[in-house]
Amino acid sequence: MNISRKTITKSAFGIVASGALIFSLAACSSTDAGSGSSSSAAPSSSSSAASTEPVASLPDLSKGVDTQVAVDASFVEALTSLGLTPGVVGTAGFDATTGTFSFPITGGNVDYYDPSSDVRPYVQGEIDHDGSGLSLTAADGTVVELTDFRIDPGESKLYGTVTANGAVAAEDAYLFNLYGGSLKPLQMEGSNAVLEGTTVHISPDAAGLLNQTFNTDAVQDEMLVGVAKITVATE
């Protein structure tokens with residue numbers, strides 16, 4: 001995707017600032033692998049959400065661009081020990097030079113509410129990645145696909161569809177945890193907002209499902225997958 005070099009207007013800058021606030025808080029809502037998301041400490045009240053205006057809002061994320069994950073060497077070693085070969089599904093990409101997967105952002109929306117309000121979680125919405133995903137192929141031909149990723153910034157969790165040998169095993173399954181303790185400051189690339197440094201970890205649900213499918217106990221809960229880089233178009 002070509003990065004726009006147009007001058008950012010005052011209005012566009014406001015959108016960028018809102019996006020920076022939303023995604024910074026979303027990515028940092030859980031700072032270590034042992035803690036839950038601070039923004040999801042209490043259930044959301046429909047009445048409070050309906051009567052409270054968000055401080056910042058990104059109503060349409062269909063302009064893209066993508067979520068990238070630079071795979072950690074420990075995850076590659078784990079896959080190798082299991083005899084699993086990773087691949088891409090649909091519109092996902094893989095850069096063999098950097099060991100980075102990319103998943104195009106296809107839609108979604110995010111609202112940020114004042115943490116002092118009654119609205120919980122105070123970061124709400126989703127970031128959709130329809131039509132792309134990751135595949136894991138075993139030596140015996142068993143293929144598991146994890147697709148249609150949906151990031152819930154309020155929970156700092158990633159959900160998706162799990163398919164085993166062409167049959168859907170689970171829809172909107174809890175696949176990964178996102179932790180923002182190593183998040184870098186927001187960067188701008190043209191009119192795109194870039195947040196890099198959130199670590200991605202295998203969820204307990206995904207670990208159990210993969211262990212069952214591949215007849216192993218080697219996939220550990222909270223296993224580090226890699227480091228995410230989220231690039232969001234603001235124009």
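In case you missed it, the structure is sitting above this.
Owing to the predicted nature of the structure, the values given are computational and were not obtained by experimental measurement.

**A closer look at the overall build of the protein chain**
Looking only at helices and strands, the protein chain features four helices and 13 strands. Every one of the 235 residues in the protein chain was classed for burial, and the buried ones make up 47%. Within the protein chain, contacts between residues separated by at least 24 positions form 64% of all contacts whose residues are at least 6 apart in sequence. Counting only carbon and sulfur atoms, one obtains 52% of the accessible surface of the protein chain, whose full area is about 11,000 Å².

**A word on the nonpolar core**
Within the largest apolar cluster, 44 residues are counted, with the highest numbers of intra-cluster contacts made by Leu-146, Leu-175, Phe-176 and Ile-202. Leave out the neighbours within four places in its chain, and Ile-202 touches Phe-75, Leu-175, Phe-176, Asn-177, Ala-207, Val-219, Gln-220, Asp-221, Glu-222, Met-223 and Val-225.

**Overview of the environment of Ser-81**
As for its placement among the helices and strands, Ser-81 is situated in helix α3 (residues 73-81). For Ser-81, a relative accessible area of 59% gives the class exposed. For the pair formed by Ser-81 and Ala-218, sequence separation is 137 residues and the distance between their alpha carbons is 8.7 Å. There is a polar contact of 2.7 Å between the side chain of Ser-81 and the backbone oxygen of Ala-78.

**Some thoughts on helix α4 (residues 204-213)**
Along α4, the positions that sit buried rather than exposed are Ala-206, Ala-207, Leu-210 and Asn-211. Viewed along the axis of α4, the buried residues span an arc of 130 degrees, placing them on a single side of the element. Each element contacted by the buried residues of α4 is listed here: β7 (123-137), β8 (143-152), β10 (167-179) and β12 (192-202).

**Examining the side chain of Thr-147**
Take Thr-147: it is sitting in strand β8. For Thr-147, a relative accessible area of 10% translates into the label buried.

**Points about the side chain of Asp-152**
Topologically, Asp-152 is positioned in strand β8. Buried charge without a partner: Asp-152 forms no salt bridge, and the closest opposite charge is Arg-150, 4.2 Å away. Here Gly-154 takes part through its backbone nitrogen, which lies 2.9 Å from a polar atom of the side chain of Asp-152.

**Concerning the pattern of salt bridges**
Across all of its chains, the model carries two salt bridges by this definition. Between Lys-229 and Glu-189 there is a salt bridge, with the nearest N and O atoms lying 3.9 Å from each other. Of this pair, Lys-229 sits in strand β13 (residues 224-233) while Glu-189 sits in strand β11 (residues 187-189), placing them 40 residues apart in sequence. By relative accessible area, which is 22% here, Lys-229 ends up partly exposed. On the accessibility criterion, Glu-189 (30% relative accessible area) is partly exposed.

**Points about the packing of aromatic side chains**
Tallied over the entire structure, the rule returns six aromatic pairs. Judged by centre distance (6.0 Å) and plane angle (85 degrees), the rings of Tyr-112 and Tyr-122 are edge-to-face. Separated by 10 residues along the polypeptide, Tyr-112 in strand β6 (residues 107-112) and Tyr-122 in the loop between β6 and β7 bring together distant segments of the chain. When its relative accessible area of 9% is taken as the criterion, Tyr-112 is described as buried. Relative to Tyr-174, the ring of Tyr-159 lies with its centre 6.0 Å away and its plane at 45 degrees, an arrangement referred to as tilted. Residue Tyr-159 is located in strand β9 (residues 157-164), and its partner Tyr-174 is located in strand β10; the two are separated by 15 residues in the primary sequence. Accessibility expressed as a relative area gives 12% for Tyr-159, which makes it buried. The class for Tyr-174 is buried, based on a relative accessible area of 15%.

**Quick notes on unusual backbone geometry**
Residues Arg-120 and Pro-121 are joined by a peptide bond in cis, for which omega reads -5 degrees. Structurally, Pro-121 is set in the loop between β6 and β7. Even without a glycine there, the phi angle at Asp-148 is positive, about 50 degrees. Relative to the helices and strands, Asp-148 is located in strand β8.

**Thoughts on the pairing of β13**
For β13, the buried fraction is high: seven of the 10 residues fall into the buried class. Relative to β13, strand β2 (residues 65-71) runs antiparallel, the two sharing seven bridges. Residue Gln-68 lies in a different strand from β13, and its bridge partner there is Lys-229. Bridge count between β12 and β13: nine bridges; the pairing is antiparallel. Following the sheet pairing, Val-194 is matched in β13 by Thr-231.

Cut-offs and rules
- Residues numbered from 1 in each chain as written.
- Predicted model: local features only at pLDDT ≥ 70, side-chain atom pairs only at ≥ 80, totals over all residues.
- Heavy atoms only, no water.
- Helix = DSSP H or I, 4+ residues; strand = E, 2+ residues; numbered from the N terminus.
- Buried < 20%, exposed > 50% of the residue type's maximum accessible area, 1.4 Å probe, protein only.
- Contact = heavy atoms within 4.5 Å.
- Areas by Shrake-Rupley, 256 points an atom, 1.4 Å probe, with all protein chains shown as cover.
- Core = buried A, V, L, I, M, F, W, Y, C linked by side-chain atoms within 4.5 Å.
- Polar contact = N/O pair within 3.5 Å; in protein donor to acceptor, adjacent residues only side chain to side chain.
- Arc of directions from axis to C-beta.
- Lys, Arg positive; Asp, Glu negative; His and termini not counted.
- Salt bridge = Lys/Arg side-chain N within 4 Å of Asp/Glu carboxyl O.
- Phe/Tyr/Trp six-rings, centres within 6.5 Å; stacked < 30°, edge-to-face > 60°.
- Pairing = 2+ DSSP bridges.

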